[in-house]
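Examination of the molecular architecture
The lines below spell out each chain.
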Amino acid sequence: MANKVIYAVYEDPELLKSAARKLVTAGVQVRDVFSPFPIHGIDPIIGLKRTRMGIVSFMFGIFGLSLALLGTWWMAIYDWPMNIGGKPNQFFYQNVAAFVPVLFEFTVLCAAHGMAITYLIRNKTLPGMPARNPDPRSTNDKFIIELRTADNHAHTAEGITGMLRETDVFEINERQFGA
Amino acid sequence: MHQEAAIRPPLILGHRTYGDITTDVTAPIENKASRTWYVLTTLAAIIALYGVACITYLISKGIGTWGLNKTINWAWDITNFVWWVGIGHAGTLISAVLLLFRQKWRMAVNRSAEAMTIFAVMMAAVFPMIHMGRIWLAYFVFPLPNQFGSLWVNFNSALLWDVFAISTYFSVSVVYWYIGLIPDFATLRDHVKLKWQKTMYSVLSFGWTGNAKAWQRFEEVSLVLAGLATPLVFSVHSVVSMDFATSLVPGWHSTIYPPYFVAGAIFSGFAMVQTLLGIMRKAFNLEAYVTRKHVEYMNIVIIVTGGIVAVAYATEFFMGWYSGVEYEYYTYMSVGAATGQYWWAFWALMLCNILIPATLWFKKVRTSFFWSWVISIFINVGMWFERFDIIVLCLHRDYMPSGWTMFYPSWVDVGTFVGTIGIFFTLYLLFARYFPVLALNELKSILKSSGESYKGDVLPKSQH
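Just so you know, these numbers come straight off a predicted model, no measurement behind them.

The next subject is the overall build of chain B. Within chain B, the secondary structure is distributed over 16 helices and 0 strands. Here the C-alpha radius of gyration of chain B, 23 Å, is about what a compact globule of 464 residues would show, namely 23 Å. Referenced to the eigenvectors of the C-alpha coordinate spread, the extents of chain B come out at roughly 80 × 55 × 40 Å. The 464 residues of chain B split such that 53% are buried. Contacts in chain B between residues at least 24 apart in sequence constitute 81% of all its contacts with a sequence separation of at least 6.

In structure tokens form, the structure reads like this:
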């Protein structure tokens, strides 16, 4: 049996969601969903785990704060302590209050950029990447479910399209896998 | 699906579909630019070039070409810097703070406000750079190893905090703006017909697919960036105010400065958003998306922040007088300022920042496109005068009467300031021509909850 990719196109995120729910209940595995904007509530239906981007940001923030603490201590207290306006840089604990703005800004800098870079890499969205959405209309006004026969050995392609036709589908496109 | 109360006014007017939003937003990009756009861009570019010429002259001759003197050693340079940074506060406030507060109306204005923020902060950065005099040593503001020891920067200095605050704010704002732009660039990529446009938006969209996982990450990243950018917005203008507040100059040395500067920054930022959007909604036919309600919401923010600013003025005036210190008699909020040689600058501030914005308390005024626009111009002028007053008026009566003087700007002062306005508008007009000026994919997500034809029971739910 040839591997097939089936794209079910919907006109509304709510219609897509109820169709996806119906398919998943019938034991069909949904490969992916393409949409012009986030469809709230689709993640648990098609079995997506929660993203860990927030944790990434937190780790980068901790890294930034540590680096800033180390940097301010080393530069201002250890390597070259200066006495400006009668305010000597003698001890870190006495001066750290004045370093708070820099510590805060550097923490935010690292947290934001670290997360943003991770996000771009994880999404494979980088300069020069080609477009990989199956249909140009999916960034405009169509909502698409992608199904593969290779994921669903219990169902035939005809069986899946039959189920799709029972939903409020706008159109169904089939392609040979890899085509 | 997100439900919204039927009595809440719609945010998208008329009967529109998802496809209509794409067409509306991409129309100015795909169609030929209007004659007005060419005229405005040419005009802005000429002013920008004059500004570049003035800056070049300034750098080659030195800052003696400005009108500074021994008493007033900071004037228009820092006035312009604080003015531009203040304007640069609205964008991230709209996109970050209003995202955390779940304000859906931000979606029609956030993109252009963020662009404005980025260009305004770029203009702000020009002034500290050129006022150093030796711009080629500007890298000394960063803690870099050097051949003097290494001699490091002073982490106790408010000026250094400013370097960190502004550079973090600028780079994070750019990233936030661009992450929101990627899906919209992808829409353009799949929508435009011309080959060069397709290539350009393919590169800019980074190969965005819009699959479920990507959108899940997108939402999380937007939320976390909003959470990071919110304290950042407040910290940046607090730090800018500390450039003054941590000094010992009467009038500057004031603990009220950080909250008062932040309110003033939001006040002026929203005024500039009103100025730009007032023009853009007409020029790009965005009347359906930037509605009377949007203008009213922004005017309410202006009333609140303008009110905070007015209370801060009154507090400054009273505390200066109540202290009984004679030096306070000449600060920017004092009887001396109101009746002295700079009376016009004092009263220009009162007029533009308190009296004229007070008319926004009337619903007729704050829901009028025309009057909102006119008032926004006055606020822009008033906020420039606020910084001018704080800087020049507090300095112009020195401790010794022999040092008392006035500030007269030279043509280079005027040229650098007007020039940055030219550069700002050139960048903004280019943005408006080639970038999606509305966050079109975000707008689509609220179409069926806040669109006019979906509210109430105008149309059955199954119809689009």
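Picking up after the structure, the text goes on.
Scanning chain A for helices and strands turns up 5 helices and 6 strands. Reading chain A from its N terminus to its C terminus gives the helix and strand order β-α-β-α-α-β-β-α-β-α-β. Here the C-alpha radius of gyration of chain A, 26 Å, is well above what a compact globule of 179 residues would show, namely 16 Å. Taken over the C-alpha atoms alone, chain A extends approximately 85 × 30 × 30 Å along its principal axes. Taken across its 179 residues, chain A has 41% of its residues classed as buried. In chain A, the share of contacts with a sequence separation of at least 24, taken over all contacts with a separation of at least 6, comes to 75%.

Here we come to unusual backbone geometry. Even without glycine at this site, Lys124 of chain A takes up a positive phi of about 55°. Within the fold, Lys124 of chain A resides in the loop between α4 (92-122) and β5 (143-148).

Between chain B and chain A, the residue contacts involve 56 residues of the former and 61 residues of the latter. It is helix α8 (residues 212-245) of chain B that contributes the most residues to the side of chain B that touches chain A, 16 residues altogether. Broken down by class, the residue content of the side of chain B that touches chain A amounts to 27 nonpolar, 21 polar and 8 charged.

Our focus in this paragraph is the nonpolar core. Grouped together as the largest cluster of nonpolar side chains are 196 residues, with contacts concentrated most on Val33, Ala112 and Met115 of chain A together with Met116, Val172, Val273 and Leu443 of chain B. Per-element tally for this core: the top contributor is helix α6 (residues 158-191) of chain B, with 18 residues. When residues of this core are sorted by domain, at least three fall in each of domain 1 (4-50 + 136-176) and domain 2 (53-122) of chain A. Residues within four places of Val172 of chain B in sequence aside, it is in contact with Val108, Leu109 and Ala112 of chain A together with Leu228, Ala229 and Leu232 of chain B.

Attention now moves to the sheet that holds strand β2 (residues 30-34) of chain A. Residue and element names in this part refer to chain A. In spatial order, the strands read β2-β5-β1-β6; together these 4 strands make up an open sheet with antiparallel pairing. Strand pairing shows two members of the sheet lacking a second neighbour, β2 and β6 (171-176), which therefore form its edges. Averaged over all pairs of adjacent strands, the angle between strand axes in this sheet comes to 20°, irrespective of strand direction. Direction of pairing for strand β1 (residues 4-10) relative to β5: antiparallel, over a ladder of 6 bridges. When the sheet's bridge partners are listed, Ala8 is paired in β5 with Ile145.

Our next topic: the packing of helix α4 (residues 90-100) of chain B against helix α5 (residues 110-131) of chain B. Residue and element names in this part refer to chain B. Closest axis-to-axis distance for the α4/α5 pair is 7 Å, and the angle between their directions is 140°. Considering their axes alone, α4 and α5 lie oblique with respect to each other. Of the two elements, α4 crosses α5, and the hand of that crossing is left-handed. Counted together, Ala90, Gly91, Thr92, Ile94 and Ser95 of α4 and Asn110, Ala113, Glu114, Met116 and Thr117 of α5 form the full contact between these two elements. Of the residues assigned to the contact of α4 with α5, the class counts are 4 nonpolar, 5 polar and 1 charged.

Our focus in this paragraph is the domain arrangement of chain A. Accessible area lost during the coming together of the parts is what is often quoted as the interface size. Assigned domains of chain A: these are domain 1 (4-50 + 136-176) and domain 2 (53-122). For domain 1 of chain A versus domain 2 of chain A, the distance between C-alpha centres works out to 47 Å.

All names here are of chain A. Counting buried residues in β6 gives 0 out of 6 residues, a small share hidden from the surface. Sheet analysis places β1 next to β6, joined by 6 bridges and oriented antiparallel. Paired with Ile6 across the strands is Glu174, a residue of β6.

Attention shifts here to helix α9 (residues 257-283) of chain B. Residues and elements named next belong to chain B. The end-to-end C-alpha separation of α9 is 38 Å, in line with the 39 Å expected for 27 residues at 1.5 Å each. When you tally the buried positions in α9, you get 21 out of 27 residues, the bulk of the element. Asn285, located one to two residues past α9, shows a positive phi value of around 55°.

A word on the environment of Asn156 of chain B. Locating Asn156 of chain B in the fold gives a position in the loop between α5 and α6. Not counting chain neighbours up to four residues away, the residues in contact with Asn156 of chain B comprise Ile84, Lys87, Asn95 and Ala98 of chain A.

Turning our eyes to something else, we now look at the packing of helix α3 (residues 76-87) of chain B against helix α14 (residues 369-396) of chain B. Residue and element names in this part refer to chain B. One way to put it is that α3 packs onto α14 with a least axis distance of 9 Å and a crossing angle of 140°. Judged on the interaxial angle alone, α14 and α3 are oblique. Considering the relative orientation of α3 and α14, their crossing is right-handed. Residues Ile78, Thr79, Val82, Trp83 and Gly86 of α3 touch α14, and the partners they reach there are Met383, Trp384, Arg387, Phe388 and Ile391. Residues of the contact of α3 with α14, tallied by class, amount to 7 nonpolar, 2 polar and 1 charged.

With that settled, the discussion passes to the environment of Ser205 of chain B. Considering the arrangement of structural elements, one finds Ser205 of chain B in the loop between α7 (195-204) and α8. A residue is classified by how many C-beta atoms lie within 10 Å of it, and Ser205 of chain B, with 24 of them, is buried.

This next bit is on the confidence of the model for chain B. With 97% of its residues at a pLDDT of 70 or more, chain B has an overall mean of 88. Counting interchain partners and residues more than four positions distant, the pLDDT-below-50 stretch residues 458-464 of chain B has 6 contacts.

Residues and elements named next belong to chain B. Secondary-structure assignment places Phe101 in the loop between α4 and α5. For Phe101, a count of 10 C-beta atoms within 10 Å translates into the label exposed. Along the sequence, Phe101 and Phe261 sit 160 residues apart, while their C-alpha atoms lie 22 Å from each other.

Cut-offs used in this document
Residues numbered from 1 in each chain as written. Chains lettered and ligands numbered in written order. Predicted model: local features only at pLDDT ≥ 70, side-chain atom pairs only at ≥ 80, totals over all residues. Helix = DSSP H or I, 4+ residues; strand = E, 2+ residues; numbered from the N terminus. Rg over C-alpha atoms; globule rule 2.2 N^0.38 Å. Buried ≥ 20, exposed ≤ 12 C-beta atoms within 10 Å, placed from the backbone. Contact = placed C-beta atoms within 7 Å. Nonpolar A, V, L, I, M, F, W, Y, C, P; charged D, E, K, R; others polar. Core = buried A, V, L, I, M, F, W, Y, C linked by C-beta atoms within 7 Å. Domains from an automatic or database assignment. Pairing = 2+ DSSP bridges. Axes fitted to C-alpha atoms, helices over the stretch in contact; angles between N-to-C directions. Parallel < 35°, antiparallel > 145°, perpendicular 65-115°, else oblique. Left-handed = near helix turned anticlockwise from the far one by under 90°. Expected span 1.5 Å × (residues − 1). pLDDT = per-residue confidence, 0-100.

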